[in-house]
Amino acid sequence: LVTAYVPANDRSSQEYVSQLRRLTRAAAGARLPQVVFLHPEVPTDSIDGVVPCRFEELYLSPYLEGLKLDIQTHTPTKDTAAYLAVQCHKTEWVAKAAERHPECPGFFWVDASIGKFYSDEELVEVLRRLASRPPSPTVRIPTVWPLQPLLEGLPVSRQAVAWYFAGGVFGGGREGLRTFAREMK
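Quick notes on the rules
- Residues numbered from 1 in each chain as written.
- Predicted model: local features only at pLDDT ≥ 70, side-chain atom pairs only at ≥ 80, totals over all residues.
- Heavy atoms only, no water.
- Helix = DSSP H or I, 4+ residues; strand = E, 2+ residues; numbered from the N terminus.
- Rg over C-alpha atoms; globule rule 2.2 N^0.38 Å.
- Buried < 20%, exposed > 50% of the residue type's maximum accessible area, 1.4 Å probe, protein only.
- Contact = heavy atoms within 4.5 Å.
- Areas by Shrake-Rupley, 256 points an atom, 1.4 Å probe, with all protein chains shown as cover.
- Lys, Arg positive; Asp, Glu negative; His and termini not counted.
- Charge placed at Lys NZ, Arg CZ, Asp CG, Glu CD.
- Core = buried A, V, L, I, M, F, W, Y, C linked by side-chain atoms within 4.5 Å.
- Salt bridge = Lys/Arg side-chain N within 4 Å of Asp/Glu carboxyl O.

A separate point is the overall build of the protein. Counting its secondary structure elements, the protein contains 5 helices and 6 strands. In the protein, the order of α-helices and β-strands from amino to carboxyl end is β-α-β-β-α-β-α-β-α-β-α. By the compact-globule yardstick of 16 Å for 185 residues, the protein fits well, its C-alpha radius of gyration being 17 Å. Structurally, the protein occupies a C-alpha span of about 45 × 35 × 30 Å along its principal axes. Out of the 185 residues belonging to the protein, those deemed buried represent 41%. The contacts of the protein with a sequence gap of at least 6 include a subset with a gap of at least 24, amounting to 66%. Split by element, the accessible area of the protein, about 10900 Å² in all, is 54% carbon and sulfur. Across the protein, the mean location of the 21 positive side-chain charges is 4 Å away from that of the 21 negative side-chain charges.

This is the structure we're talking about:
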């Protein structure tokens, strides 16, 4: 299991850290190895597999100063350039976890805040189910919007956040995930 918490906007750090702790406890309960990319100022007690990571280390970070987003969104305080840089970096974190753990054939990303949708017991069960699937050579990622228009080559608005892929959970085998990270970057 790979996850991260690197503050990117004014949203409550306490809320995210609390959800992260729930996720890592559930992963431990499901007996899953973890790689947690975490801002160094967040206390790491009771969190396994921590790798320190600062926002400035994200590959899009150097490009954000002075950047003005021109996007249509229903959540402008959330969908900032910094937040979107974190979203884009998820694939990179998974690729880095694969480098750190060559013994593991597959990896899956889970957003630190996913626990808000589940009780503690349900979260452990969801993680067990995710881990029980053999790693696919390609990437498995759920969709939000129908993919057919995109596959048919219809134009995509450059001014709107397009939720074709739901990046809160995705996974696969190491080579597919490395390719995914390279293509995302």
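Further remarks concern the nonpolar core. Counting residues in hydrophobic clusters, the biggest one holds 23 residues, and the most contacted among them are Val 2, Phe 37, Phe 55, Trp 93 and Phe 107. Broken down by secondary-structure element, the contributors of at least two residues to this core are β1 (2–5), β2 (35–38), α2 (81–100) and β4 (106–110). If one sorts the elements of this core by residue count, α2 sits on top with 8 residues. Those residues in contact with Trp 93 that lie beyond four places of it in its chain are Val 2, Ala 4, Val 6, Phe 37, Cys 53, Leu 58, Val 86 and Trp 109. The next biggest cluster of nonpolar side chains, apart from the first, holds 12 residues, and it includes Leu 1, Ala 30, Leu 32 and Leu 127.

Moving on, we come to the pattern of salt bridges. As enumerated under the stated definition, the model contains 5 salt bridges in all. A salt bridge links Asp 45 to Arg 21, with the shortest nitrogen-to-oxygen separation between them at 3.6 Å. You can see Asp 45 sitting in the loop between β2 and β3 (50–52) and its partner Arg 21 sitting in helix α1 (residues 13–29), a full 24 residues away along the chain. Put simply, Glu 92 and Lys 185 hold a salt bridge, and the shortest N to O gap is 3.9 Å. Of this pair, Glu 92 sits in helix α2 while Lys 185 is found in the segment after α5 (174–184), placing the two residues 93 residues apart along the sequence.

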